[in-house]
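As a plain string of letters, each chain reads:
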Amino acid sequence: MRNIKTYYYVIVLVIIQSIVFFQWIFSNNLFTFWDIGVYTPITQSYLFEQVHTDFWALDITASNFPFLFIFWLLWKLWINFIRSSKIMLFWPIVFGVVINSFFFVKHFTKENFSAFFSSLFYSYGFYFLITLTGALYISFAYAFAPLFMLLFFKVIEEPNIKKGILLWFFASLLWFIEFRILYILLRICLLYFAYFLITKKISFKKLLQYITIFWFTWFILLLLNAFWIIPLFFQGQIVNNTLFDRGIFGNQYFDLWNAFSIMHPRWNRWEPAIFVKQVAPVFLAIIPLLVVLWLIKNKRNNVFLFFALTFLLWVFLTKQSAEPFSGFYFWMYKNFPWFNAFREASKFFIISALSFSILLWLFFKKNNFQKKFLHILLFWSFLVVIFSNICIVFYWKLWTMFIQRKYEKDIENLNEIFNTDPVFYRVLWLPHVNKFSDYDNKHPAVSLLSNYETIYSKFNSETNISLEKTFQNIISHPDFIKLLREQSVKYIILPRDLIWDDVLSSWKNPWLYINILDQKEGIKKIYEKNGNFIYEVENYLPRVTVKSKDIILESMLNDKILLRIKKIQKKHVLSFWDSFNIWWKLYLTTSDSLVPILSEKENINKKNSVWSTIDYIMNKYVLFQLWDFKYLREKPIFEETHHLVNDYANGRTLDAEYIKKNFPKDYYKENPDGSIDVNLTLYFKPQSYFYLWLGVSGLTFFCLIAWLLVDRRRQKNLVQQTSAWTKNLP
């Protein structure tokens, strides 16, 4: 009967969410904003990407491959982006946040009533509403954080391998989506385990059992994520990439008052107010303070005391660099492992909200609010806050991700150009990338908004000017076009709505940029229609160049660039215009093992080109190139000549005499004038580690699923045998 009542509460929560988020759940509308764009299905798995990246950075993002892989599978099943985004993001967020938080609170309070209202408070907290405006990956992690913590506490209460494996399955899920949230949750788990050992008297045997389970399941977690951890470890990118080098941001927006109130400083109680600090109402900060002080004074039980102390600790971190101890956050950022992933402190609101949802039991407990006037007053105060936030979402006051978007025909035409052009080049969007544009590793989209600080530091020393003025100074600088050429930028695009889906729209004025670009030499306007402007950069550098008029570069892929170079005499410098990385390796191949990428018709019909045909099919239709394993054992050439070009790119010196002396003739073709033609492959070697360990991670996943299914079947048979044995008793 008690379980039936529990499901009544869950059904009511689901009904509330279905009504409030009706458009997200049932409509066929398209919603994008901020971090959420229209995903182009991936056609190959890459360890690194240049999509939407910086000019001078190699963006290592392989950890989200499983998420993109599922998008690819849905695309293969003819499920469009609108439906797949509902399956992957909207539905899990909307229903997961209320259901997971309900069972998390109920686990400790043992009351459906208090769990119901605590779940609503957690699900309609100010920070969660902010994430719903475009940071849906954080929203996803926020929704499933209670479930992860619930599984962790179940392992602590009754340790066994099966529960530990389930715990780390969900840990991997959070890792794939938003690893920073998992980082915070793991810190809470470590703190509670230490707290548990201090407050509970456990035997050495029990302690050994805990250690065994956690180390074993932690090893499983590493295996599940080995496909990206191992390659990044080899190239030193685990804690040394763009995610960890962005600098602290937003000190002026955070303070102790907002941290105590669990109110995001860029939320004005009715809608997002980005880059405008908001002050929390007095009653929001007083109530959490009363709850924590009251709880510590009464010391109800160890678990509730832990959440009270956790709330206070994370409030201290969430204030960022505000007083007191204003320098502590900066010290953590510089010295604590992986803490530099948190350039601003808003992510810590998740722990504050999670802890406070447990502490709300003091007010939502039936016996309390029915007898004490203060409890009644505070109870209704919380209901008013919850109901007002529900109304904000229901009436679409959040705009952002709650406004239907439509494709523009001009953007579709651009996408067609990008999808059919086999040549590598970058596209610069002013000032920010349109959410409907197709960009991939062959045609990366670069945003001036994402690069302006680095570019401006190269061009100017003037500071304390507006962002709009900064953009104008960059575009008008004499070396601006030169920089674009060096970065292989072919197109400059100013869409009609420069940042139509961005809160920075107040800065846009297209004619400020257009008037400057029209007067620039080295670019020409090739498109002007419906308020969209496209400029083409003349004489932009290809991705790979060789300083010789007699050398022909034929074509290239992404992580594996295929080159046919003719008439090499003596020494020539090969320049690869991507961010310098020692793991770009150069391999000499035989003439029959490398055929340049031609058009589809030429590639398929070419005689004696079986490998070329297979390579084309694998690139176009399959996610992996399994024969790249050969690069694990092949020795690269000209490693000692790998050098820095223009302070950021890769250069190598090709030596024709060295090739003729050290390689058989089937590796090159000698011409009558003594020059040679060679086939080269420029390959990002960690990609082969990625393929290898992706197989290990996949095998681990399927083995664990099989083990869990077998164990479930065994448990079911055991119950049936026990039941049959009981019936046969006299």
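Before reading on, note that the structure itself is shown above.
Here's what I pulled together on the structure shown here. Everything numeric in this text was worked out from a predicted model, so none of it was measured. Numbers given to residues run from 1 along each chain, matching the order in which its sequence is written. Side-chain atom pairs in this predicted model are given and counted only at pLDDT of 80 or more, local residue features only at pLDDT of at least 70, and totals for whole chains, interfaces and linings cover all residues. As a rule here, side-chain values cover all heavy atoms of the structure and leave hydrogens and water aside.

**Considering the sheet that holds strand β6 (residues 523-529)**
1) Next: Read across the sheet, five strands follow the order β4-β3-β5-β7-β6 without closing on themselves; strand pairing throughout is mixed. A strand with exactly one partner marks an edge of an open sheet, and here the two such strands are β4 (445-447) and β6. Strand-to-strand twist across the sheet, computed as the mean angle between neighbouring axes with direction ignored, equals 25 degrees.
2) Next: At least two bridges found by DSSP between two strands is the condition for calling them paired. Secondary structure elements are taken from DSSP: a helix is a run of H or I of four residues or more, a strand is a run of E of two residues or more, and numbering for both begins at the N terminus. Pairing between strand β3 (residues 426-429) and β4: three bridges, direction parallel. Residue Leu428 lies in a different strand from β4, and its bridge partner there is Val446. In this analysis, axes come from line fits to C-alpha atoms, helices being fitted only over the stretch in contact, and the angle between any two N-to-C directions falls in the range 0 to 180 degrees.

**Description of the side chain of Ser18**
1) Next: By the secondary structure assignment, Ser18 is in helix α1 (residues 2-20).
2) Next: A distance of 2.8 Å separates a polar side-chain atom of Ser18 from the backbone oxygen of Val14.
3) Next: By definition, residues are in contact when any of their heavy atoms lie within 4.5 Å. What Ser18 contacts, discounting residues up to four positions off in sequence, is Ile25, Phe26 and Phe95. Polar contact is the term for a pair of N or O atoms within 3.5 Å; when the atoms are in protein, one must be able to donate a hydrogen and the other to accept it, and sequence-neighboring residues count only if both atoms are side-chain atoms.

**Examining helix α5 (residues 112-123)**
1) Next: One fewer than the residue count of a helix, multiplied by 1.5 Å, yields its expected span. Here α5 spans 16 Å end to end across twelve residues, near enough to the 16 Å set by a 1.5 Å rise per residue.
2) Next: Counting buried residues along α5, twelve of its twelve residues qualify, which places the element largely inside the surrounding structure.
3) Next: A 1.4 Å probe rolled over the protein chains alone gives each residue an accessible area, and that area as a share of the maximum for its type sets the label: buried under 20%, exposed over 50%, partly exposed in between. Within α5 the residues assigned to the buried category are Asn112, Phe113, Ser114, Ala115, Phe116, Phe117, Ser118, Ser119, Leu120, Phe121, Tyr122 and Ser123.

**Some thoughts on the side chain of Ser321**
1) Next: Positionally, Ser321 belongs in the loop between α13 (302-318) and α14 (328-335).
2) Next: Side chain to side chain, Ser321 and Asn251 meet in a polar contact 3.1 Å long.
3) Next: Sequence-distant contacts of Ser321, that is, excluding residues within four places in its chain, are made with Asn251, Ser326 and Tyr329.

**Description of a nonpolar patch on the surface**
1) Next: Patches draw on residues past 30% relative accessible area with no salt bridge. Two like charges within 9 Å are joined, as are two nonpolar side chains (Val, Leu, Ile, Met, Phe, Trp, Tyr) within 5 Å. Here the Shrake-Rupley method, with its probe set to 1.4 Å, supplies the accessible areas, and only the displayed protein chains count as covering residues. Every case where a carboxyl oxygen of Asp or Glu lies within 4 Å of a side-chain nitrogen of Lys or Arg is listed as a salt bridge. On the surface, a nonpolar cluster with roughly 640 Å² of combined accessible area is contributed by Tyr8, Ile11, Ile15, Ile19, Phe394 and Tyr395.
2) Next: Here the nonpolar patch takes four residues from α1, the largest share from any one element.
3) Next: By the element assignment, Ile11 lies in helix α1.

**Points about unusual backbone geometry**
1) Next: A cis amide bond, omega 0 degrees, links Glu323 with the succeeding residue Pro324.
2) Next: Relative to the helices and strands, Pro324 resides in the loop between α13 and α14.
3) Next: Unlike most non-glycine residues, Phe325 shows phi in positive territory, near 55 degrees.
4) Next: By the element assignment, Phe325 lies in the loop between α13 and α14.
5) Next: Of note, Ser488 is a non-glycine position whose phi angle comes to about 60 degrees, a positive value.

**So, the sheet that holds strand β10 (residues 571-576)**
1) Next: The sheet built from four strands is open, its strands ordered β8-β10-β13-β12 with antiparallel pairing. Among the strands making up the open sheet, the edge pair consists of β8 (544-546) and β12 (643-645). Neighbouring strand axes in the sheet, compared pairwise and without regard to direction, differ in orientation by 35 degrees on average.
2) Next: In this structure, β12 lies alongside strand β13 (residues 649-655), joined through three bridges in antiparallel fashion. Counterpart to Leu644 in the pairing with β13 is Asn650.

**What about the pattern of salt bridges?**
1) Next: Counted under the stated rule, the structure contains eleven salt bridges.
2) Next: Of the charged contacts in the structure, one is a salt bridge between Glu178 and Arg180, with a shortest N-O distance of 2.7 Å.
3) Next: Note on Glu178: relative accessible area 8%, which makes it buried.
4) Next: Among the ionic contacts, a cluster of salt bridges with common partners joins Lys162, Asp711 and Arg714.

**Some remarks on the nonpolar core**
1) Next: We call a set of buried Ala, Val, Leu, Ile, Met, Phe, Trp, Tyr and Cys residues a nonpolar core when their side-chain atoms join them within 4.5 Å. Within the largest apolar cluster, 142 residues are counted, with the highest numbers of intra-cluster contacts made by Phe21, Trp24, Phe104, Phe148 and Met149.
2) Next: Excluding residues that lie within four positions of it along the chain, Phe148 makes contacts with Leu167, Phe170, Ala171, Leu174, Leu182, Leu185, Leu186 and Cys189.
3) Next: Formed by 35 residues, the second largest nonpolar core is a distinct cluster that contains Val427, Ala445, Leu449 and Phe459.

**Some points on the packing of helix α8 (residues 161-199) against α13**
1) Next: Interaxial distance between α8 and α13 falls to 11 Å at its minimum, and their mutual angle equals 135 degrees. On the basis of their axis angle, the class for α8 and α13 is oblique. Here α8 and α13 pass one another in a crossing that is right-handed. For the pair α8 and α13, contact is made by Ile184, Arg187, Ile188, Leu191, Tyr192, Tyr195 and Thr199 and by Asn302, Val303, Leu305, Phe306, Thr310, Leu313 and Trp314, respectively.
2) Next: Gly is put with the polar residues, along with every residue not named as nonpolar or charged; the nonpolar set is Ala, Val, Leu, Ile, Met, Phe, Trp, Tyr, Cys and Pro, and the charged set is Asp, Glu, Lys and Arg. By residue class, the composition of the contact of α8 with α13 is ten nonpolar, three polar and one charged. Throughout this description, any angle smaller than 35 degrees is read as roughly parallel, any larger than 145 degrees as roughly antiparallel, any in the 65 to 115 degree range as roughly perpendicular, and the remainder as oblique. When the near helix sits turned anticlockwise from the far one by under a right angle, the crossing is termed left-handed; a clockwise turn instead gives a right-handed crossing.

Honestly, it's all geometry; don't read function into it.
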